[in-house]
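Residue strings, one per chain:
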Amino acid sequence: MRKTPTRRSGRLQATEGGNSDSDVGEEDSSFLQPRSSIRAHRDQQLGPTGPHSSPAKETPKPMVKEEAKAPRTRSLRGVRQKTPESSDSENEAPRVVAAGGTQGSVEVLDPRKQWTKDSRFLRPAAVGRSRTPIKPKKTSFTRWICYFLLPCLLLLPAAWYLWKLGCPMSLSEFPSHISFSHLWGVQKEPCTSDCSFVLVESIPDGLTYDPEAPVHMSVYQSWMDLMDGAQSSVDIAAFYFTLQGADTGVQDPSSEEGEKVLQKLMDLSSRGVKLNIAVNGTQNTTDLIMLTRKGAEVKFVNFESLLGGVLHTKLWVVDKKHIYIGSANMDWRALTQVKELGAVLYNCSCLAHDLRKIFQMYSYLGEEGATIPSSWPNDFSADSSLSHPQHVLLNGSNAHVFISSSPDALCAGGRSSDLDSILATIDDAKEFIYISVMDYLPRLEYSEPKRFWPVIDNRLRSAACDRRVTVKLLISCWPHSKKAMFVFMESLEVLSRKPLECPIEVKLFVVSATEKQKTFPFSRVNHNKYMVTDRIAYIDQASLCKSSQVAPFLKGTSNWSEDYFLNTAGVGLIINQTGAGVAGSITAQGQLKAIFQRDWNSQHTQPLSHGMRCASRD
């Protein structure tokens, strides 16, 4: 029986008997034909041959596609050309068995399949997909332009805007950022840091001390000296202006100093000195009308509508190099009828530039339709802060100084707030903490509903009871003191009893008054607002903001209740000058400590139990 050969992988093998193609005889040579004669091979009858052989029964043939000779093409490097000879077992064309049992390697016509090119080999394409022509690749130069140059050109203006003006929180703030930079931009200028520091005081008429007690320049004299030396500009931020006795309905010689200050302010324009004023509220008082007529530029800051509080700040910047920060209002009573304390720094332009940014912030808020932005442009960012104070010379001695502000909404980038500065000063103390403020109320007092606010109170308790730091509080007592304040004071002082024996002590400072002086409204009170420790001094002038480290001297303008930190504007001056001063001078911290001890040991102090008698308000 003849064995029917089968072609596999280009070679013939026997379908039966297992003989290899090497055993095929000459009679089978007709099957060993080149691929070009495969048609003739298919036309041959399978089975016995000869003149008497019966014709084979005709079998219907399936529609097949004959294998065409693959055209000669230049093969792609790395791409396997798929031909019938090289088809893998997975995609091998179906084999059809012809009549007589002969198998032929043919491809069934299947309209659902097409052949498409892959990156490695040819595979059938998905049903319904057509071959997409290959797009020419972009050149490296085109890629460089698209992927590098164009994005850089687009990012450069955005980067400059963010660096110069900061990031606006919304698109609505974009125009205001531009106007800030144009109208209120602060130019970087060389500045001086070799400063002269002077503490100034207002001692009410009739208030006396021992002859050995320290004496300082008066606030009145410091203001007159600043105006006498002014050459180009005087910037003043104030709560209000009542420099004449007539403003308060009082006829008394003690108002003379305030009236002289007002006259000196009006004379500035005749000398070519520009007077700029930012004042709380919207009321144009008599003093401000007189100053406006003399060429002063007055901006009314409606702080109540902006934040629900007041602009309680009291600062001066003269010629962009001399500054005053203190507790004294622009009021004749602040010069002769109220006990005040402040600080003047001469020839200190580095610090003056920083303080003037806060003044410019107030000036902008005095513009018609101005609102507080969610983020201030970089032109208003602080030049000094708790973590990065300015290194200056104060009276020849090294010092670290910075300006704080309140409330948080007016603390531009990097600006430390008053509240944080106070807390950091308390935490930094190692030996003592001396505090002199008009009001000390650990609660929200001037808003509803009232609530307990123990932020500062807890820090003082911890300093005394945990670290054994001596804490002394000198609180004012006058007819406008709230009786609730003395209850809070008692809760502090009780910690000094056994068995706790925490070193906390509280005293009241009372400014005596004659019968006539009692008729002067809102006077005869210790209006000081400062804190001094063995390491830091803080001078506050209106209210407190944030910071995280403090120096041994702290002076400000704020009373110590939550309202003054939440929605009232103020600034603070923080000085760290613990090193020894030059010969013949003492440090700022040493000067402030001497003032506190003078007041603490004077005949004007009263025990805490006296509080309910001097206060008249519930």
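Description of the structure in this document. Keep in mind that what you see is a predicted model, and the values were worked out from it rather than measured.

All right, on to the packing of helix 4 (residues 219-229) against helix 5 (residues 256-267) then. Relative to each other, helix 4 and helix 5 sit at 15 degrees, their axes nearing to 10 Å. Taken together, the axes of helix 4 and helix 5 are roughly parallel relative to one another. Relative to helix 5, the crossing made by helix 4 is left-handed. Contacts between helix 4 and helix 5 involve Tyr220, Trp223, Met224, Met227 and Asp228 from the first element and Glu257, Lys260, Val261, Lys264 and Leu265 from the second.

Where burial is concerned, most of strand 20 (residues 432-437) is hidden: 6 out of the 6 residues are buried. Because side chains alternate across strand 20, one face comprises the buried residues Phe432, Tyr434 and Ser436, and the other comprises Ile433, Ile435 and Val437, equally buried. As paired elements, strand 20 and strand 24 (residues 470-476) share 6 bridges and run parallel to each other. When the bridges of strand 24 are listed, Ile435 appears paired with Leu473. Across 4 bridges, strand 20 lies against strand 26 (residues 530-533) in antiparallel orientation. Opposite Ile435, over in strand 26, you have Met531 as the bridge partner.

Applying the stated criterion across every chain, the model contains 4 disulfides. With its sulfur 1.1 Å from that of its partner, Cys477 forms a disulfide with Cys614. One end of the pair, Cys477, is in the loop between strand 24 and helix 12 (483-493); the other, Cys614, is in helix 15 (residues 611-614), with 137 residues separating them in the sequence. Counting only the cysteines that form disulfides, in the order they appear in the protein chain, gives the pairing 1-4, 2-3, 5-7, 6-8.

Reading the values: rules and limits
Residues numbered from 1 in each chain as written. Predicted model: local features only at pLDDT ≥ 70, side-chain atom pairs only at ≥ 80, totals over all residues. Heavy atoms only, no water. Axes fitted to C-alpha atoms, helices over the stretch in contact; angles between N-to-C directions. Helix = DSSP H or I, 4+ residues; strand = E, 2+ residues; numbered from the N terminus. Parallel < 35°, antiparallel > 145°, perpendicular 65-115°, else oblique. Left-handed = near helix turned anticlockwise from the far one by under 90°. Contact = heavy atoms within 4.5 Å. Buried < 20%, exposed > 50% of the residue type's maximum accessible area, 1.4 Å probe, protein only. Pairing = 2+ DSSP bridges. Disulfide = S-S within 2.5 Å.

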